[in-house]
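Letter by letter, the chains look like this.
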Amino acid sequence: MIPRLRPALGWSEFAAAATQRRSVGDFEGRFAELMGQRHAIAFPYGRTAQLMLIRALGIRDREIICPAYTCVVVAHAIVKSGNVPVFVDSEPDGFNMDLDAAAAAVTPRTAAIVATSIHGYPVDLTRLRTFSAAAPQVQVIQDCAHSFAAQYQGAYVQQAGIAAVFGLNVSKLMTSVFGGMITTDDAALAKRLRTLAAEELEHRPFQNIMRLAYLAASAAALHPVVFGLVDRIRRAGLIDRFTTYYSDDIIDMPGDYLAQIGRVEASVGFEQCGHYPDIVARRRRIAEVYDQTLAAYPALLRPPLVTGATYSHYVARVADPQAVLKAAAIQGVELGRLIDYCVPDMKAYRSYDRSIAFPRTQALNASVINLPVWVDEATATRIAHLVGQAAQALETRI
Ligand SMILES: *Cc1c(COP(=O)(O)O)cnc(C)c1O
């Protein structure tokens, strides 16, 4: 079975982790350099980073605009920070939030907007500037969990706001196994974040050893040779934390959301910074292969090819995603369904303002499938044909 995701971890990461070669400070410095920003501050998760950033910005009892089509943990962090998420539908021809709709959602209570480059498609920075010109009091937070160093017409998205948030778990483009990061050029904000991190985050005993074990277990679980056994492992709950990461009706943070990363994560993350340019170059190449090969199958809508996108996911659209997933699984390929939920439609968020509709997000939810982006070109070609044929075999057309 070819898994839908596989972290780009090699021997250098394992060796660095085993010897705990780097400190958290080393990793932060290297990450800041990679993102072209003055400061980087590490956190246990992307969502913890976002929560602390909102607190460090002094935002409370206010509204924060975010996409309806995003990872639910973004909304959780907003709620946990004591603020109200205001959801905005997707743009007509892409996956990102519609920035015109976002402008219309601004009220006197709005304090921030979480500009998200979902699936690695860079936020339209020209439109974001127009948004900010009309609402200069609204802070721009970049959610770069899918878009490490994505570029919009040559400009890095992470640099276009007060700060950027990154998630670094094993399902992300690059990983420190556990972890999240904030980057900013604002020295005063960086200082407040460091103070918050020092006050709020815990260091747990034996954490280094536990996380080294987790690293080995998840690497083994995701290796193609072992992946045939993955159902069993999944049932045992070993990789639950990145296969079933949300529940429909609870706004919550994981039990270890304040457990700060240590030298194991820092050592892996530091090595990944060095490999990141290769990781993203390969994903761009595989996206091209998918684009070219899938062109022969009109029953499937291809995502745009955008210069500067990072392709955290290659997301196509079909009329019956479950049928295509099943057909691919029979042929030994695991596809994903990111993102198959509209955050404001989830039970936990139904009590929030319903005056905005989300038809575009819902249409995406009903049709998206994502193909493995970590594979080589020959495998990508084979996967594309198999997925394309499965889409052509559907009775309905998208
Ligand atoms: C993964 C993710 C995050 C947060 O990452 P965690 O480390 O899982 O908390 C934030 N935004 C988006 C869009 C993500 O996919």
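Above this note sits the structure.
The following refers to the structure shown.

Conventions used here
Per-chain numbering applies: the sequence of each chain, read as written, is numbered from 1 onward. With pLDDT at 70 or above as the cut-off, local features in this predicted model cover only qualifying residues; side-chain atom pairs require 80 or more to be listed or tallied, and sums for whole chains, interfaces and linings still use all residues. Derived side-chain values reflect all non-hydrogen atoms in the structure, with water molecules and hydrogen atoms excluded from consideration. For every residue, the accessible area (1.4 Å probe, protein chains only) is compared with the maximum for its type, and the residue is labelled buried under 20%, exposed over 50%, or partly exposed between those bounds. Numbered from the N terminus, helices here are DSSP runs of H or I no shorter than four residues, and strands are runs of E no shorter than two. Whether two strands pair comes down to DSSP finding at least two bridges between them. All axes here are fitted lines through C-alpha atoms, helices being fitted over the stretch that makes contact, and every angle between N-to-C directions spans 0 to 180 degrees. We call two residues contacting when some pair of their heavy atoms lies within 4.5 Å. In this analysis, rings of Phe, Tyr and Trp, with Trp reduced to its six-membered ring, are considered paired at centre separations within 6.5 Å, and the interplanar angle assigns stacked below 30 degrees, edge-to-face beyond 60, and tilted for intermediate values. Only lysine NZ and arginine CZ atoms are considered, and such an atom sits over a ring when it is within 6 Å of the ring centre and within 35 degrees of the ring normal.

Attention now goes to the pairing of strand E9 (residues 180-184). E9 sits mainly inside the fold: 5 of its 5 residues count as buried. Across the two faces of E9 the burial is the same, with Gly180, Ile182 and Thr184 and Met181 and Thr183 all buried. Pairing of strand E1 (residues 39-43) with E9 involves 5 bridges; the strand directions are antiparallel. By the bridge assignment, alanine 40 is partnered in E9 with threonine 183.

A few words now on the sheet that holds strand E3 (residues 84-88). Read from one edge of the open sheet, 7 strands run E1-E9-E8-E5-E4-E2-E3, paired in mixed fashion. Two strands close off the open sheet at either side, each with one partner strand: E1 and E3. Averaged over all adjacent pairs, the angle separating strand axes in this sheet is 25°, with direction ignored. Examined bridge by bridge, strand E5 (residues 139-143) and strand E8 (residues 163-167) share 3 bridges and lie parallel to one another. From the neighbouring strand, glutamine 142 faces E8, where its bridge partner is alanine 164. Across the face of the sheet, helix H3 (residues 46-56) comes into contact with E1, strand E2 (63-67), strand E4 (110-116), E5, E8 and E9 while running at roughly 155° to E8. In this fold helix H7 (residues 187-200) packs onto E1, E8 and E9, with an angle of close to 20° to the strand it touches most, E1.

What follows is about the packing of aromatic side chains. Following the criterion strictly, the structure yields 13 aromatic pairs and no others. When the centroid spacing of 4.9 Å and the interplanar angle of 80° are considered together, the rings of phenylalanine 31 and phenylalanine 166 count as edge-to-face. Residue phenylalanine 31 is found in helix H2 (residues 24-35), and its partner phenylalanine 166 is found in strand E8; the two are separated by 135 residues along the sequence. Of the two residues, phenylalanine 31 and phenylalanine 166, neither departs from the other in class, the shared state being buried. Geometrically, the ring pair formed by phenylalanine 148 and phenylalanine 166 is tilted, given 5.1 Å between the ring centres and 55° between the ring planes. Pair noted here: phenylalanine 148 is in the loop between E5 and strand E6 (151-152) and phenylalanine 166 is in strand E8, with a separation of 18 residues, a long-range link. Like phenylalanine 166, phenylalanine 148 is buried. Of the aromatic side chains, those joined through ring pairs into one cluster are Phe27, Phe31, Phe148, Phe166 and Tyr276. Sitting over the ring of phenylalanine 270, arginine 22 keeps its end group 3.9 Å from the ring centre. Its end group placed over the ring of phenylalanine 178, arginine 211 keeps NZ or CZ at 3.8 Å from the ring centre.

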